[in-house]
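Chain by chain, the residues:
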Amino acid sequence: MTPYGLRKKAARLRQAYAPHEHRPLGGYLAAMGTYAGVTAAIAGLVRATGRPVPERPAPADVLLLGVATHKLSRLLSKDAITSPLRAPFTRYDRPIGSGEVMEQVRDSGSATRHAIGELLSCPFCLAVWVATGLTGGLVLAPRLTRLVATALTAVAASDFLQMGYAVAQQAAEAGGQHEE
């Protein structure tokens, strides 16, 4: 099939998939290909270095990486300080509290740019990439990865304590107002 024929077929597929909405299928395909390439590179590096791959990860490591993945994904996708990383792909919308911002994906530009914007502004989407990186790190550099994951987990625990404290403080203030 010629390149023109492939483009025509892809356009028909896009139209059939989402007739009333722009969905950057080509960008998603590029993102999936990049993810597969990164994953293959990590696997190749593990093999080249001869690092042993655990048959079954320790539950403590799974829990540690799970919380660290949550925190790093939110830091990268929502934190105000990391917004310069997302700015080429997103547009600021509003603050959403706790140092986080809401952003909208830029619709102008390429399908790949749009897909990257969706990836970078979605903590759930980004978590797959972060977990893959941390899991690869656990095999290639376990001590350093556990140290970084421990710091991220401590920050996540602190976040929940800060939010709990704020809720308790608001409840105490609201209770004090009712005593009058």
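See the structure above.
Remember, it's a predicted structure, so these values are computed and weren't measured experimentally.

Draft legend 1. Quick look at the layout of surface pockets. Roughly 310 Å³ of volume is contained in the largest pocket. Along its surface, the largest pocket is lined by 18 residues, and Ala131, Thr135, Gly136, Leu138 and Val139 are the ones closest to its centre. Counting residues per element, the ones that place at least two in the lining of the largest pocket are helix 2 (25-49), helix 3 (59-78) and helix 6 (123-140). Broken down by class, the residue content of the lining of the largest pocket amounts to 11 nonpolar, six polar and one charged. Each pocket or cavity is described by its volume, and for the second largest pocket that value is around 250 Å³. If you go around the second largest pocket, the residues you meet are His70, Lys71, Arg74, Leu75, Asp79, Ser98, Glu100, Ala156, Asp159, Phe160, Gln162 and Met163. Counting residues per element, the ones that place at least two in the lining of the second largest pocket are helix 3 and helix 7 (142-178). With five residues, helix 7 is the single largest residue contributor to the lining of the second largest pocket. Residue composition of the lining of the second largest pocket, grouped by class: four nonpolar, three polar and five charged.

Draft legend 2. Structural view of the pattern of salt bridges. Tallied over the full model, the rule gives six salt bridges. In this structure, aspartate 159 and lysine 71 form a salt bridge, with 2.2 Å as the shortest nitrogen-oxygen distance. A residue pair is termed long-range when its members are at least 10 positions apart, and aspartate 159 in helix 7 and lysine 71 in helix 3 qualify at 88 residues. For aspartate 159, a relative accessible area of 26% corresponds to the partly exposed category. Look at lysine 71 and you get buried, because its relative accessible area is 9%.

Basis of the calculations
- Residues numbered from 1 in each chain as written.
- Predicted model: local features only at pLDDT ≥ 70, side-chain atom pairs only at ≥ 80, totals over all residues.
- Heavy atoms only, no water.
- 1 Å grid on protein atoms, 1.4 Å probe; cavity = no way out; pocket = protein on both sides within 12 Å on 5 of 7 lines; lining within 4 Å.
- Points joined across faces, edges and corners; volume = space filled by probe spheres on them.
- Helix = DSSP H or I, 4+ residues; strand = E, 2+ residues; numbered from the N terminus.
- Nonpolar A, V, L, I, M, F, W, Y, C, P; charged D, E, K, R; others polar.
- Salt bridge = Lys/Arg side-chain N within 4 Å of Asp/Glu carboxyl O.
- Buried < 20%, exposed > 50% of the residue type's maximum accessible area, 1.4 Å probe, protein only.

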